Amino acid sequence: MILRWGLQQRLLVSILGCFLLISGISTVWIAHQAGHTAREDARAIARGAADAAAARLEGDFRESFASIRSLARSLEGMDRTAPGARSAALGRVRQALEATPGALSAWVVTEPDAFDGRDAVYARTQGFGEKGRFEGTFARLDGTIRRTFDTTEAMLADPVQGAWYREGLETPGETVQEPYSYAYVPGKTRLVTTLTVPLLDRGHPVGLVGMDLDLDALHESLSRERILGVGQLSLLSNRGVFVSDSDSKLRGRSLEEMGKGKIQGLDDLLSSIAQGRAFTRQDYSLQFREDALKIHVPVRTGTGLAPWSLAAVLPLSAVDLPARTLMKDILLVSLGGALLLAGVVTLLVRRVVRPVRALSATLTRFGDLDLTQDEALPWLRRQTGEIGEMTGALGRLQGALSHMMGVLQMEAGRCHGTAEALAGLSEESVASAEEIRRALQQATALSQNSAAALEDARTGTSDVASAASEAARFASQAAEASAHSAAGGRGCFPARVSRRGCRRQGFVSVTTGLSGACIRQQSSTRRGKLSTRG
């Protein structure tokens, strides 16, 4: 069934449809622009927060390296053979730690007999090990700085536990080691990274001076920062180890290990971090477990050293929240506007449609040849503008049609009388035509009888001629018979001959005289038939 709408419904649907279409397109465009703007703003804010945090971290690294370098130069320049040189050197290590708030510990380790050549004298005395190697470590423990004795010959010789020392000694120049867990006292493991500066003697490395930075404290500092209320900072080492992250399960774990199968383009991400590039990505976040906007900025740990990467991570659900909220508000406002517009349009359309409907009803009556106007609608004749012009034109049309209908009725009456006269004349013509038809039928019958009579006459004449020829032939035969009879003494020709001749004509005769009688009888019979047909 086809839905048939009136003018009011069509106008209402058309206007509201256009309004909703324009509102929908505007809403989508505004939402898109708002989303784009929101992401750009969030990217700018996150980049600013990441740059600021990276600058603070770089300052911590510079301060730590400055303390370590100063300590190394101080130890290299002192008289290491003087009495109390070892105690003085340990005092300088403690002072360096006190001057560096971001460091968890400060230490010095030399090769055997590299400090003063008297390791054997100090074996197992003043806190030195069984071989007397010069080493000393000071750590912040429970708010105080104390010397620890965790560095032993066995640990330095172990390829795993002593890797921090071997790697630093074998690497020329300063180093920043990858994060690792370390316990200065039993049961208290902390995530640290080690900064080392070589201790030189005549240009050759004879030991290391270093500091361990407390990455747990750094994590607490970074975790307090929030970007747009929900975003967080995540710090990764040069090899992609999580140094700081809102998810404690990730700290100390490798991004390569945790992101495999979850983060697309993981290899490119790790490569960008190792190269110290600043970049922006939109991919899966291990912290938020959803797609997130990630702004990575490099953290320079030192001149010529492997950089780390600080990422500002914003979940897209939070980034797009203002745009979604704006779109929801626009939709609600558009819906309210559509309802208000529907009410206003309905009132306006009714004012327009009412006179149109009245005119339509009048034209419908005109179509049914009812040329009277509805006197119950005087307001229609008082309309102005286009409706008033239409009403006036309709009145003029009514007058013209009424006049034309009167003329047509008069002419119809006149045509009716003419038609009756023509009908009478037609009936007379039909009667005359019937008489003519009967006369023609009689003439046709007479003509057919005459033709038959002529045909019979022609046939009778042909028969008489044939009979005469036959009679002549019989006469000739009779003459020949008479001649033979005269010669042979027999008075007549054989009876079979005359009999055959008479039988052909319908009679039986033996003598020649009977043959002539047959001829005469046939002739009279045909004449009787001809007279009967005539």
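Quick caveat: nothing in here was measured; it's all calculated off a predicted structure. (Residues numbered from 1 in each chain as written. Predicted model: local features only at pLDDT ≥ 70, side-chain atom pairs only at ≥ 80, totals over all residues. Heavy atoms only, no water.)

The next thing to look at is the overall build of the protein chain. What the protein chain contains, in helices and strands, is 13 helices and 12 strands. Out of the 534 residues belonging to the protein chain, those deemed buried represent 36%. Taking the intrachain contacts of the protein chain between residues at least 6 apart in sequence as the baseline, contacts between residues at least 24 apart amount to 57%. Approximately 30900 Å² of the protein chain is accessible, and the part contributed by carbon and sulfur atoms is 58%. (Helix = DSSP H or I, 4+ residues; strand = E, 2+ residues; numbered from the N terminus. Buried < 20%, exposed > 50% of the residue type's maximum accessible area, 1.4 Å probe, protein only. Contact = heavy atoms within 4.5 Å. Areas by Shrake-Rupley, 256 points an atom, 1.4 Å probe, with all protein chains shown as cover.)

To continue, consider the pairing of strand β3 (residues 144–148). Successive residues of a regular strand alternate their side chains across the two faces of the sheet. The sheet contact formed by strand β2 (residues 135–141) and β3 spans 5 bridges and is antiparallel. Looking at β3, one finds that T137 is bridged to T148. (Pairing = 2+ DSSP bridges.)

A separate point is helix α5 (residues 215–223). Among the residues of α5, L215, D216, L218, H219 and L222 are the ones counted as buried. Projected onto a plane normal to the axis of α5, the buried residues spread over an arc of 160° and lie on a single side. Put simply, D214 is the residue that caps the front of α5, since its side-chain oxygen is 3.1 Å from the backbone nitrogen of D216. (Arc of directions from axis to C-beta. Polar contact = N/O pair within 3.5 Å; in protein donor to acceptor, adjacent residues only side chain to side chain.)

Here we take up unusual backbone geometry. In this structure, R124 takes a positive phi of about 60° despite not being glycine. Mapped onto the elements, R124 comes out in the loop between β1 (103–110) and β2. Taking the relative accessible area as the measure of exposure, R124 reaches 67% and is therefore exposed.

Before going further, it helps to spend a moment on the side chain of H219. Residue position: H219 is located in helix α5. Classification of H219 by relative accessible area gives buried; the value is 15%. In contact with H219, other than residues within four places in its own chain, are V243, S244, D245 and R251.

With 57 residues, the main nonpolar core has L75, V209, L222, L235, V299, W308 and L310 as its most contacted residues. With 13 residues, the top contributor of residues to this core is helix α1 (residues 7–77). The contact partners of L222, leaving out residues within four places of it in the chain, are A53, L57, L233, L235, S244 and L310. Listed in part, the 14 residues of the second largest apolar core include W107, Y165, L169 and Y184. (Core = buried A, V, L, I, M, F, W, Y, C linked by side-chain atoms within 4.5 Å.)

What follows deals with the confidence of the model for the protein chain. Overall, the predicted model of the protein chain reaches an average pLDDT of 79, with 81% of residues at or above 70. A low-confidence stretch, residues 488–534 (pLDDT under 50), is modelled with 45 contacts involving residues beyond four sequence positions or located in other chains. (pLDDT = per-residue confidence, 0-100.)

Among the 8 residues that make up β1, 8 are buried, leaving the element largely enclosed by the rest of the structure. As paired elements, β1 and strand β7 (residues 204–214) share 7 bridges and run antiparallel to each other. Opposite W107, over in β7, you have G210 as the bridge partner. Sheet topology places β1 next to β2; 5 bridges connect them, and they run antiparallel. Counted as the bridge partner of V108 is G136 from β2.

Next up on the list: the side chain of T137. By the secondary structure assignment, T137 is in strand β2. Excluding its chain neighbours within four sequence positions, the residues that come into contact with T137 are S105, A106, W107, R146, R147, T148, D150 and T151.

This part takes up the sheet that holds strand β8 (residues 232–236). Two pairing modes exist for strands in a sheet, parallel and antiparallel, and in both the strands are linked by backbone hydrogen bonds. Here 5 strands make up an open sheet; going across it, the order is β9-β8-β12-β11-β10 and the pairing antiparallel. One side of each edge strand has no neighbouring strand; the edge strands of this open sheet are β9 (242–244) and β10 (279–285). Averaged over neighbouring strand pairs, the angle between their axes works out to 35° when direction is ignored. Summarising the sheet, strand β11 (residues 290–299) and strand β12 (residues 308–315) pair through 8 bridges and their orientation is antiparallel. Bridging across to β12, P298 finds its partner in S309. Against the sheet, α5 makes contact with β8, β9 and β12, and its axis sits at roughly 65° relative to β9, the strand it touches most. Packed onto the sheet, helix α7 (residues 266–274) meets β8, β10, β11 and β12 and runs at close to 140° relative to β10. (Axes fitted to C-alpha atoms, helices over the stretch in contact; angles between N-to-C directions.)

Considering all chains together, one arrives at 20 salt bridges under this definition. Where E76 meets R73, a salt bridge forms, and the shortest distance between an N and an O atom there is 2.9 Å. You can see E76 and its partner R73 sitting in helix α1, 3 residues apart, about one turn around the helix. Close ionic contact of E411 with R414 constitutes a salt bridge, the shortest N to O distance being 3.5 Å. (Salt bridge = Lys/Arg side-chain N within 4 Å of Asp/Glu carboxyl O.)

Before going further, it helps to spend a moment on a nonpolar patch on the surface. A cluster of nonpolar side chains, W29, I30 and L326, forms an exposed patch at the surface whose accessible area comes to about 290 Å². The exposed category is assigned to W29, whose relative accessible area is 55%. (Patch = residues over 30% accessible without salt bridge, like charges linked within 9 Å, V, L, I, M, F, W, Y side chains within 5 Å.)

This paragraph deals with helix α2 (residues 85–98). The end-to-end C-alpha distance of α2 is 20 Å, a good match for the 20 Å that 14 residues give at a rise of 1.5 Å each. The complete set of buried residues in α2 reads A85, R86, A89, L90, V93, A96 and L97. Down the axis of α2, the buried side of the element spans an arc of 135°, and every buried residue falls inside it. (Expected span 1.5 Å × (residues − 1).)

Another aspect to go through is the environment of S87. Within the secondary structure, S87 sits in helix α2. Remark: the alpha-carbon pair of S87 and G136, spanning 49 residues in sequence, is separated by 9.8 Å.

Looking now at the packing of aromatic side chains. All told, the structure shown has 7 aromatic pairs when counted by the stated rule. Ring geometry for F128 against F134: centres 5.9 Å apart, planes inclined by 40°, an arrangement best described as tilted. A residue is classified by how much of its surface remains accessible, and F128, at 5% relative accessible area, is buried. With centroids separated by 6.0 Å and ring planes inclined at 70°, the aromatic side chains of W164 and Y165 adopt a geometry described as edge-to-face. This pair shows no difference in class: W164 is buried, exactly as Y165 is. Through a chain of ring-to-ring contacts, the aromatic side chains of F115, Y122, F128 and F134 assemble into a single cluster. (Phe/Tyr/Trp six-rings, centres within 6.5 Å; stacked < 30°, edge-to-face > 60°.)

Quick look at the environment of T152 now. Among the secondary structure elements, T152 is positioned in the loop between β3 and α3 (153–157). By relative accessible area, T152 is classed as partly exposed at 34%. The spatial distance from the C-alpha of T152 to the C-alpha of E135 is 9.1 Å, given a sequence separation of 17 residues.

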